[in-house]
2 protein chains.
Amino acid sequence: MLALGRSISRKLPAHGMSSCPGAQYLTAREQHITWHEGGVSREAKEALLHQKGCVVWFTGLSGSGKSTVACTLEHALYRRGVTTALLDGDNIRHGLNCNLGFSEAERAENIRRVGEVTKLFVETGVITLASFISPYRIDRDLVRQRMGCRDFIEVYMKIPLEVCESRDPKGLYKLARCGKIKCFTGIDDPYEAPERPEITLDVDDPQGRRQSPEAMARIILAYLEEHGYLRTPLSNNAVKGPSRGAAGLAQKKVPALDYSI
Amino acid sequence: MLALGRSISRKLPAHGMSSCPGAQYLTAREQHITWHEGGVSREAKEALLHQKGCVVWFTGLSGSGKSTVACTLEHALYRRGVTTALLDGDNIRHGLNCNLGFSEAERAENIRRVGEVTKLFVETGVITLASFISPYRIDRDLVRQRMGCRDFIEVYMKIPLEVCESRDPKGLYKLARCGKIKCFTGIDDPYEAPERPEITLDVDDPQGRRQSPEAMARIILAYLEEHGYLRTPLSNNAVKGPSRGAAGLAQKKVPALDYSI
């Protein structure tokens, strides 16, 4: 029933009171509920959150620091009052994709599903941080194509294999080298680097010093700021200066609500 | 590779600048980015959004009004400044679950995946409206078990088959009756009603008048209000009255931020 074969699954899909005890809580405002056939638009949700939805897609070898930079970035965004979701192997491989292995077709399906989930988050206005090795270029490009370019920010963790292997935070490279893990990216499975990522994070800074996760997160934060993801369209001209900060939330403008939707 | 067989898939899984041109946008605040191994907690995200994540799970026959009530509820929540996600056949069957059909095993996998996606949304603090026929009790109960009771609000659209069939908004009952659609819930496929749903929405109100979608949405909104989903834990005592309203957003309290996380 499941079409997981490479030739099939890799095509983009066509676009396409009864018992309630709370009646005493009803207010006049709630009497104004009106019938709607369609849901709330993405633009309205983004205006409410005062941000633009997008996915920051981290790709790179195991041990390249994807999740560490993603977590550091998420905390930095939180301090600015930004609503985020963090998707990684921990919450995807044990949940949504617990029935997938690591063959090429299953890796493709893994990334396809993650792409579809990030699309749902982005349509809710959430800035979504996706941290996956995602070794095949075609898988990442299919997600990019499905999302639309503006919603997809590819971050390439350009960390040499020898650096990742020397870190080996989970001891996986050691196991892969002695053959106890098969199909390990970078050892006996390929990694295809992005050709035109939005952001490349090098192991060293221009002065030749090793870059910290904080410095890397700062680069991405600057990108999001510069490209308008941290402001709503309605407030592009209203917000001066580069940062609202979490403490500035109380002063944030309430977006004009469109009751016609 | 995919374990879709009923006996396997239905068990709950164990728990478990390089090139960036935006450097000139960095501010002093951004220098304070600190290293984090784990992401931002659910509680922190909920405090930021001033709401509690949960899924409102609509179950019922085709034509019972699940999506209409869900859309109406979503707009009502939006007017109160609540961040929501709406998941239904339109955005799931054409995206995440485009490779699933309608056999019992595939319906089970459909609901399992939707459950996992709603869990991710709920952990982001989003109030998630899931509108699916979800005819099998075990599938819904597995989602409930995976989410935790407090996060799962089952709404049973208790609308008689003859009413749904007389509406037949998509002409599907007609096709099912003449055999052009097989395995149609309520006709030649079973629907198992919930035994203890949090909310039951009857076709008529206690006075015997047909209930409108607006009245049904109002019941769910009252439930969410009564059970504290529309307030953060930090503001339980601070917020008086039953509703903040969208226009009250500017006055909403900024949650105390926990920088230790």
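About the criteria used
Residues numbered from 1 in each chain as written. Chains lettered and ligands numbered in written order. Predicted model: local features only at pLDDT ≥ 70, side-chain atom pairs only at ≥ 80, totals over all residues. Heavy atoms only, no water. UniProt positions renumbered as here; feature names shortened; annotations may be inferred. Helix = DSSP H or I, 4+ residues; strand = E, 2+ residues; numbered from the N terminus. Buried < 20%, exposed > 50% of the residue type's maximum accessible area, 1.4 Å probe, protein only. Areas by Shrake-Rupley, 256 points an atom, 1.4 Å probe, with all protein chains shown as cover. Contact = heavy atoms within 4.5 Å. Axes fitted to C-alpha atoms, helices over the stretch in contact; angles between N-to-C directions. Parallel < 35°, antiparallel > 145°, perpendicular 65-115°, else oblique. Left-handed = near helix turned anticlockwise from the far one by under 90°. Pairing = 2+ DSSP bridges. 1 Å grid on protein atoms, 1.4 Å probe; cavity = no way out; pocket = protein on both sides within 12 Å on 5 of 7 lines; lining within 4 Å. Points joined across faces, edges and corners; volume = space filled by probe spheres on them. Nonpolar A, V, L, I, M, F, W, Y, C, P; charged D, E, K, R; others polar.

Going by an unreviewed UniProt entry, chain A carries the name Adenylyl-sulfate kinase and comes from Coccomyxa viridis. The record held by UniProt for chain A lists under Pathway (unreviewed entry) the comment "Sulfur metabolism; hydrogen sulfide biosynthesis; sulfite from sulfate: step 2/3." Quoted verbatim from the Catalytic activity (unreviewed entry) field of the UniProt record, the comment on chain A reads "adenosine 5'-phosphosulfate + ATP = 3'-phosphoadenylyl sulfate + ADP + H(+)".

(A) Just the overall build of chain A, in detail. The secondary structure content of chain A amounts to nine helices and five strands. Its helices and strands in sequence order give chain A the pattern α-α-β-α-β-α-α-β-α-β-α-α-β-α, from N to C terminus. Relative to its 261 residues, chain A shows a buried fraction of 56%. Accessible surface for chain A amounts to roughly 10800 Å². Of this, 54% is attributable to carbon and sulfur atoms.

(B) Up close: helix H6 (residues 137-147) of chain A. All of the buried residues in H6 of chain A are Asp 139, Arg 140, Leu 142, Val 143, Arg 144, Arg 146 and Met 147 of chain A. After H6 of chain A finishes, the residue Gly 148 of chain A shows a positive phi value of roughly 95 degrees.

(C) Fine view of the side chain of Asp 189 of chain A. Residue and element names in this part refer to chain A. When you line up the elements, Asp 189 lands in the loop between helix H8 (172-177) and strand E5 (199-202). For Asp 189, a relative accessible area of 16% corresponds to the buried category. Asp 189 has contacts with Arg 107, Tyr 136, Cys 183 and Phe 184, leaving out every residue within four places of it along the chain.

(D) Inspection of the environment of Arg 196 of chain B at higher detail. All names here are of chain B. Position of Arg 196 among the secondary structure elements: in the loop between helix H8 (172-177) and strand E5 (199-202). Overall, the relative accessible area of 67% leaves Arg 196 in the exposed class. Considering only alpha carbons, one finds Arg 196 and Val 155, 41 residues apart in sequence, at a separation of 9.8 Å.

(E) Region of the structure containing the packing of helix H5 (residues 104-123) of chain B against helix H6 (residues 137-147) of chain B. All names here are of chain B. Two numbers describe how H5 lies on H6: the axes approach to 9 Å, and their chain directions differ by 25 degrees. Accordingly, the angle class assigned to the pair H5 and H6 is roughly parallel. With respect to the hand of their crossing, H5 and H6 are arranged in right-handed fashion. Side by side, H5 and H6 meet where Arg 107, Ala 108, Ile 111, Gly 115, Glu 116, Thr 118, Lys 119 and Val 122 of the first sit next to Asp 139, Val 143, Arg 146 and Met 147 of the second.

(F) The arrangement of the sheet that holds strand E1 (residues 54-59) of chain B in detail. Residues and elements named next belong to chain B. Taking strand neighbours across the sheet as the criterion, the five strands line up as E2-E3-E1-E4-E5 in an open arrangement whose pairing is parallel. Either end of the sheet is taken by a strand with one partner, and the two such strands are strand E2 (84-88) and E5. The mean inter-strand angle of the sheet, taken between neighbouring strand axes irrespective of direction, is 15 degrees. By the bridge criterion, five bridges tie E1 to strand E3 (residues 127-131) in an arrangement that is parallel. Note on E3: the bridge partner recorded for Phe 58 is Ser 131.

(G) Up close: unusual backbone geometry. Although it is not a glycine, Ser 134 of chain A adopts a positive phi angle of roughly 40 degrees. Its location among the elements puts Ser 134 of chain A in the loop between strand E3 (127-131) and H6. One non-glycine residue, Asp 168 of chain B, lies in the positive phi region at around 35 degrees. Within the element layout of this structure, Asp 168 of chain B appears in the loop between helix H7 (161-167) and H8.

(H) Structural detail: the layout of surface pockets. All names here are of chain A. Taken as a whole, the second largest pocket spans an internal volume of roughly 1100 Å³. Forming the walls of the second largest pocket are 34 residues, and the residues nearest its centre are Ser 62, Lys 66, Gly 89, Ile 133 and Lys 170. Of all the secondary-structure elements, those providing two or more residues to the lining of the second largest pocket are helix H3 (66-79), strand E2 (84-88), helix H4 (89-96) and helix H5 (104-122). In terms of residues, the lining of the second largest pocket owes the most to one element, H4, which gives five residues. Classifying every residue of the lining of the second largest pocket gives 12 nonpolar, 13 polar and nine charged.

(I) Fine view of the sheet that holds E2 of chain A. Residue and element names in this part refer to chain A. Taken in spatial order, the five strands line up as E2-E3-E1-E4-E5 in an open sheet, and their pairing is parallel. Edge positions in the open sheet fall to E2 and E5, since each of these has one partner strand only. With direction set aside, neighbouring strand axes in the sheet form an average angle of 15 degrees. Two strands pair when backbone bridges link them, and strand E1 (residues 54-59) and strand E4 (residues 152-158) are joined in this way by five bridges, in the parallel orientation. Each residue of the ladder has a partner; that of Trp 57, found in E4, is Glu 154. Along the sheet, H4 contacts E2 and E3; its crossing angle with E2, the most-contacted strand, is approximately 65 degrees.

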